Amino acid sequence: MRWDRLEDEACSMSRTVSVIGDRWTLLILRDCFRRIRRFDEFQSRLGITRHLLAERLRKLVRQGVLRRVAYQERPKRYEYILTQKGLDLHPVMMSIVHWGDVHMADERGRPVIHQHKSCGHTFDPVMTCSVCNEPLIAKEVHVHPGPGADPSKVALPSLEQQAMD
């Protein structure tokens, strides 16, 4: 598996990592979800070089995660807005934040609290089964090859082996 060809792998994780799998991209997306949209705002918040920021934003636009919208004509300046494809990364981002809250927070606690606008309560993101709504626990999830699997690379344990875990 080559790092520069992850998007060609028959693996959803590899394909996703090819788009969002570096620290700057994840931090840019974090700021997008915090409604940061302009190049200069990203740069000042992140301390990233202009060249690297421009490269990451171009990639996110090319991948359809962000769209570039002009907000000023002279000089021409753009905002970067999450597309539906980008918004669909929200659960991924929330899972990373939750992991950090649980395993990386210091004695002061969480750096950010999330509040659900509809009910007004603060919350922890949870992942549930889309059919029965039960919480998903890693040991209770079995993996099977799907229709897009590469048969030469599928090396998943049998159901019997998974059941013993």
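Description of the structure in this document. (Residues numbered from 1 in each chain as written. Predicted model: local features only at pLDDT ≥ 70, side-chain atom pairs only at ≥ 80, totals over all residues. Heavy atoms only, no water.)

1. Thoughts on the overall build of the protein
Part 1 of the reasoning: The secondary structure content of the protein amounts to seven helices and two strands.
Part 2 of the reasoning: Listing the helices and strands of the protein from first to last along the sequence gives α-α-α-α-β-β-α-α-α.
Part 3 of the reasoning: Put simply, 34% of the contacts in the protein that link residues at least 6 apart link residues at least 24 apart.
Part 4 of the reasoning: Total accessible area on the protein is roughly 12400 Å²; 54% of this is exposed by carbon and sulfur atoms. (Helix = DSSP H or I, 4+ residues; strand = E, 2+ residues; numbered from the N terminus. Contact = heavy atoms within 4.5 Å. Areas by Shrake-Rupley, 256 points an atom, 1.4 Å probe, with all protein chains shown as cover.)

2. Quick look at helix 3 (residues 39–46)
Part 1 of the reasoning: Along helix 3, the residues that are buried comprise Phe39, Phe42 and Leu46. Here the buried residues of helix 3 occupy an arc of 65° about the axis, which is enough to place them on one side.
Part 2 of the reasoning: Following helix 3 by one or two positions, Gly47 has its phi on the positive side, about 70°. (Buried < 20%, exposed > 50% of the residue type's maximum accessible area, 1.4 Å probe, protein only. Arc of directions from axis to C-beta.)

3. Things to note about the nonpolar core
Part 1 of the reasoning: Judged by nonpolar contacts, the single largest core of 22 residues is most densely connected at Ile28, Leu29, Phe42, Leu53, Leu57, Leu60 and Leu66.
Part 2 of the reasoning: When residues of this core are traced back to their parent elements, those giving at least two are helix 1 (12–20), helix 2 (23–33), helix 3, helix 4 (50–62) and strand 2 (77–82).
Part 3 of the reasoning: Considering each element in turn, this core owes the most residues, five residues, to helix 2.
Part 4 of the reasoning: When neighbours within four sequence positions are excluded, Leu66 is seen to be in contact with Cys32, Leu57, Leu60, Val61, Tyr80, Ile81, Leu82 and Thr83. (Core = buried A, V, L, I, M, F, W, Y, C linked by side-chain atoms within 4.5 Å.)

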